[in-house]
Amino acid sequence: MYRDIYQDWQDNPQAFWQNQAARLSWDTPPTTIFESDASGDRWYVDGVMNTCFNCVDRHVADGHGDRIAFIHDSPLTDSVAKLTYADLLDRVELVAGVLAHHGVEKGDRVLIYMPMISETAIASLACARLGAVHSIVFGGFAAAELATRIDDAKPKLILAASCGLEPGRTIAYKPLLDGAMQLATHKPSACIIFQRPEAEAALVAGRDYAWQDEEAKARAQNNRPPCVPVLATDPLYILYTSGTTGVPKGVVRDTGGHLVSLAWAMENIYTIGAGDVFWSASDFGWVVGHSFILYGPLCVGATSVIYEGKPIGTPDAGAFWRVIAEHKVKALFTAPTAFRAIKKQDPEGKRVADYDLSHFKTLYLAGERVDPDTINWAEAALKVPVIDNWWQTETGWPICANPLGIEALPIKKGSPAVAMPGYALAVLGEDGTPVAATQTGAIVLKLPLPPGCLPGLWQNQAGFEDAYLKDYPGYYKTGDAGFLDEDGYLYVMSRTDDIINVAGHRLSTGGMEEVLAGHPDIAECAVMGVKDQLKGELPLGLLVFNDGVNGPDDEIIQQCIQKVRDEIGPVASFKLATRVARLPKTRSGKILRATLRKIANGEDWNMPATIDDPIILDEISERLLALGYPQNR
Ligand code: COA
Ligand code: AMP
């Protein structure tokens, strides 16, 4: 039972995590399970292993080479391709050979800028094979964001595809990559480009190499490096995520704790084991893709679907049911926004009847607050349990979930259920002490964090302490606010910082403000999240023009919108902006963002006692009304 297992962990956390480590194959099994010193908390400190070995080689060695590792299903290229574990091992060995040929060694960073194709997984596993540290950048980010990551991670090599595909358009990656390489101070020694037929890239002689040619050379030379054993505490990857400023945070994932936590989660939360088909409809560029398209399913020997398409429009609202039926998917994991998109086009869920979903057992939703409407619709349409789970890039695996692999706890809609073993939840009030059940406060986790969670930020220990540890001594700050009910079910209600969640994508409004403030006609601005029926939230910008700038307003606003798209990327979905004469501030000069957000969302608000001039709020309300906010008045 869940309570017993949670209690087991509470009674002896080290014994609990030592037992879980036995799920994996170690070159040297760990004997020191946990250590904490001035440099931080670390799990399995003397353990030695290799992630690629655990995810690929060992399944082949155990006689499961014929089992399917990946199904690449791409409605955008109208193709389906399957890769067995033996095929995967063959390709990963060769790509590791290519990396080694280009000088990549243990500890070197490799940046991966690639779309939803099998080669993205192969590239990551090849890095893991050599003990190199990969950093995958989502394709919807623009050149400047890519450049920031190049300068922070300082990769020796970049692996990219020639293009990504969105419905109706092909996104050439090479111009974005070239732009980023120009902007970045750090210069990687080479780029290996996977040429896709939809848009082949022109290569720069002496710097760019065609992946296919390099892989063919490695095959001809039988250049197949073995797995390099690394310490459990060595980094496997860096994943950049939005923080409270425009500078993204490089979340580090270690080797041992990461795989142990995922192996535990696959069985106990997602009920997936060897031979089962799991589909995580996300992107390799997000943590969901890292944990549950790539490493989680592979470490337990399951089959993982790599989907290059959308929930709607590729070709219709039955796309998800087609994939589930065709590949006999046992469990699907996606963001609620995907279901809102399907529901909008097929409100009665009629398309479900066109497919045989008899193998489908559970739907998992995460990435943003799961609204009860979406759960009700999904339950009625699919007739399977809908399981909310709450976590973040930093933790790498669910903090709260309903652990179906242990027992199905009662579902309370609107709550991602209870804390998983390893996590001690608390909700703190403004004075930093725990509040009573049902009272809202800051959601924190008692230190130490369990295996799998970030040991720190890439070469930025001070930033790590500042962002997560400083505010509540002894706890990790999640940045989310909410409450616990009497049964220990958590309700995650909002963020305590300027992070917004757009279509399950985590974005910083501070980052957008920095870009807008760089427009020559903008004096100051405020960006906030407004509610959206499809994407959950959308960013909305209030722009104060410089004195003497007389428009035309629309032209400047359009330039501002384009600037965010060019500098952050289309993924920001920044399309709502309006000119305002001035912004409301406290007497000490702080913009009253929380009040603005409440007005735009039609929520109750009180006049802040510290406001310098209350009339400004009337002016802004008028501008927001003209833009259609608040909606559904
Ligand atoms: N490369 C380049 N551009 C991308 C991209 C990528 N990998 N992913 C998205 N974009 C673009 C989109 O084309 C869109 O461009 P547009 O402004 O020209 O239309 C923009 O970025 C915003 O994308 P998105 O917010 O995803 O909106 P959408 O309208 O394309 O799709 C959904 C909306 C709901 C269908 C889609 O977000 C979805 O399927 N989400 C659920 C799954 C998921 O991704 N979850 C995230 C983590 S779990
Ligand atoms: P990311 O790091 O991109 O995965 O975003 C993590 C953030 O998304 C969390 O801190 C929450 O704010 C939000 N989030 C993720 N999953 C959930 C969920 N199930 N319920 C509510 N919010 C969620």
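Definitions and cut-offs
Residues numbered from 1 in each chain as written. Chains lettered and ligands numbered in written order. Predicted model: local features only at pLDDT ≥ 70, side-chain atom pairs only at ≥ 80, totals over all residues. Heavy atoms only, no water. Helix = DSSP H or I, 4+ residues; strand = E, 2+ residues; numbered from the N terminus. Rg over C-alpha atoms; globule rule 2.2 N^0.38 Å. Buried < 20%, exposed > 50% of the residue type's maximum accessible area, 1.4 Å probe, protein only. Disulfide = S-S within 2.5 Å. Near = heavy atom within 4 Å. Polar contact = N/O pair within 3.5 Å; in protein donor to acceptor, adjacent residues only side chain to side chain. Areas by Shrake-Rupley, 256 points an atom, 1.4 Å probe, with all protein chains shown as cover. Nonpolar A, V, L, I, M, F, W, Y, C, P; charged D, E, K, R; others polar. 1 Å grid on protein atoms, 1.4 Å probe; cavity = no way out; pocket = protein on both sides within 12 Å on 5 of 7 lines; lining within 4 Å. Points joined across faces, edges and corners; volume = space filled by probe spheres on them. Arc of directions from axis to C-beta. Contact = heavy atoms within 4.5 Å. Phe/Tyr/Trp six-rings, centres within 6.5 Å; stacked < 30°, edge-to-face > 60°. Lys NZ or Arg CZ within 6 Å of the ring centre and 35° of its normal. Salt bridge = Lys/Arg side-chain N within 4 Å of Asp/Glu carboxyl O. Axes fitted to C-alpha atoms, helices over the stretch in contact; angles between N-to-C directions. Left-handed = near helix turned anticlockwise from the far one by under 90°. Pairing = 2+ DSSP bridges. Core = buried A, V, L, I, M, F, W, Y, C linked by side-chain atoms within 4.5 Å.

(A) Quick look at the overall build of the chain. Secondary structure assignment for the chain yields 18 helices and 31 strands. A compact globule built from 633 residues should have a C-alpha radius of gyration of about 26 Å, and the chain, at 24 Å, falls within 12% of that. Here the C-alpha coordinates of the chain stretch approximately 75 × 60 × 60 Å along the principal axes. Considering the chain as a whole, with its 633 residues, one finds that 59% of them fall into the buried category.

(B) Expanded view of the state of the cysteines. For the structure shown, the criterion picks out zero disulfides. Here Cys55 is not disulfide-linked; the sulfur of Cys299 is the nearest cysteine sulfur, at 5.5 Å. Since its relative accessible area comes to 0%, Cys55 is described here as buried. Overall, the relative accessible area of 3% leaves Cys299 in the buried class.

(C) Molecular detail of the site of ligand 2. Taken together, 15 residues are adjacent to ligand 2, and Asp388, Asn389, Thr393, Asp480 and Arg506 come closest. Within the backbone of Asn389, a nitrogen or oxygen atom sits 2.8 Å from a nitrogen atom of ligand 2. Here an oxygen atom of ligand 2 sits 3.3 Å away from a polar atom, N or O, in the side chain of Asn501. Considering ligand 2 on its own, with 490 Å² of exposed area, one finds that the protein chains cover 92% of that surface. In terms of residue class, the shell around ligand 2 is made up of four nonpolar, five polar and six charged.

(D) Focus on the site of ligand 1. In the neighbourhood of ligand 1, 25 residues make up the surrounding shell, with Glu166, Arg169, Lys535, Arg565 and Lys575 lying closest. At a separation of 3.4 Å, an oxygen atom of ligand 1 approaches a polar backbone atom of Pro570. A distance of 2.7 Å separates an oxygen atom of ligand 1 from a polar side-chain atom of Lys575. When residues of the shell around ligand 1 are traced back to their parent elements, those giving at least two are strand E10 (169-172) and helix H12 (336-345).

(E) Highlighting empty space enclosed by the protein. Per the counting criterion, the structure on display carries three cavities of 30 Å³ or more. Counted as a void, the second largest cavity has a volume near 70 Å³. With three residues, strand E20 (residues 386-388) is the single largest residue contributor to the lining of the second largest cavity.

(F) Representation of the environment of Gly452 in the model. Relative to the helices and strands, Gly452 is located in the loop between strand E24 (441-446) and helix H14 (461-469). Here the alpha-carbon distance between Gly452 and Trp9, two residues 443 residues apart in the chain, equals 16 Å.

(G) Molecular detail of helix H2 (residues 13-21). Residues of H2 that are buried: Phe16, Trp17, Gln20 and Ala21. The buried residues of H2 occupy an angular sector of 140° when projected down its axis, which confines them to one face. At its buried positions, H2 is contacted by helix H1 (2-11), strand E2 (40-43) and helix H9 (256-268).

(H) Broad picture of the packing of aromatic side chains. Counted by the stated rule, this structure contains 32 aromatic pairs. Plain terms: the ring middles of Tyr270 and Tyr364 are 4.8 Å apart, the flat faces sit at 70° to each other, and that makes the pair edge-to-face. Highlighted residues: Tyr270 in the loop between H9 and strand E16 (277-280) and Tyr364 in strand E19 (residues 362-365), separated in sequence by 94 residues. An aromatic cluster of three or more residues is present, and its members are Phe16, Trp17, Trp26, Phe34, Trp43, Tyr44, Trp264, Trp397 and Tyr423. Here Lys446 stacks its cationic end above the ring of Tyr475, 5.7 Å away from the centre of that ring.

(I) View of the pattern of salt bridges. On inspection of all chains with the given rule, the structure shows 45 salt bridges. One salt bridge connects Arg196 with Glu198, and the closest N-O pair in it is separated by 3.9 Å. Of the residues examined, Arg196 reaches a relative accessible area of 5% and is grouped as buried. With its nearest N and O atoms 3.0 Å apart, the salt bridge here joins Glu567 to Lys563. Taken together, the positions of Glu567 and Lys563, both in helix H16 (residues 553-567) and four residues apart, correspond to about one turn of that helix.

(J) Seen up close, the packing of helix H4 (residues 85-101) against helix H5 (residues 118-130). Between H4 and H5, the least distance of the axes is 8 Å, while the angle of their chain directions is 65°. Of the two elements, H4 crosses H5, and the hand of that crossing is right-handed. Packed against H4, whose contacting residues are Leu88, Leu89, Arg91, Val92, Glu93, Val95, Ala96, Leu99 and Ala100, the element H5 presents Glu119, Ile122, Ala123, Leu125, Ala126, Cys127, Arg129 and Leu130 at the interface. Considering only residue class, the contact of H4 with H5 consists of 13 nonpolar, no polar and four charged.

(K) Quick look at unusual backbone geometry. Following Thr314, the chain continues to Pro315 via a peptide bond in cis, the omega torsion being 0°. Here Pro315 is to be found in the loop between strand E17 (303-307) and helix H11 (319-326). Residues Leu447 and Pro448 are joined by a peptide bond in cis, for which omega reads 0°. Considering the arrangement of structural elements, one finds Pro448 in the loop between E24 and H14. Even without glycine at this site, Asn222 takes up a positive phi of about 50°.

(L) Geometry of the sheet that holds strand E18 (residues 331-334). The strand order E5-E4-E17-E16-E18-E19-E20 describes an open sheet built from seven strands, whose pairing is mixed. The open sheet is flanked by strand E5 (79-84) and E20, the only strands paired with a single partner. Across the sheet, the mean angle from the axis of one strand to that of its neighbour is 20°, orientation sign disregarded. Summarising the sheet, E18 and E19 pair through four bridges and their orientation is parallel. For Leu332, the partnering residue across the bridge sits in E19 and is Leu363. Each of strand E4 (68-74), E5, E16, E17 and E18 is contacted by H11, which is oriented at about 150° to E17, the strand it contacts most.

(M) Summary view of the nonpolar core. Among the nonpolar cores identified, the biggest contains 137 residues, and Leu88, Leu125, Leu159, Tyr270, Phe292, Tyr295 and Trp397 are the most heavily contacted of them. Ranked by the residues each element gives to this core, the list is headed by H4, at nine residues. Beyond its immediate stretch of four places on either side in the chain, Tyr295 contacts Thr51, Cys55, Ser124, Leu125, Ala128, His134, Leu236, Tyr237, His258, Leu259, Leu262 and His290. Ranked by size, the runner-up nonpolar core spans 42 residues in total, among them Val530, Ile557, Ala577 and Leu592.

(N) Structural view of the sheet that holds E24. Read from one edge of the open sheet, four strands run E23-E24-E25-E26, paired in antiparallel fashion. Because the sheet does not close on itself, it has two edges, and the strands there are strand E23 (425-428) and strand E26 (490-495). On average, adjacent strands in this sheet sit at an angle of 50° to one another, irrespective of strand direction.

Note that every value here comes from positions in space, so none of it alone points to a role or purpose.
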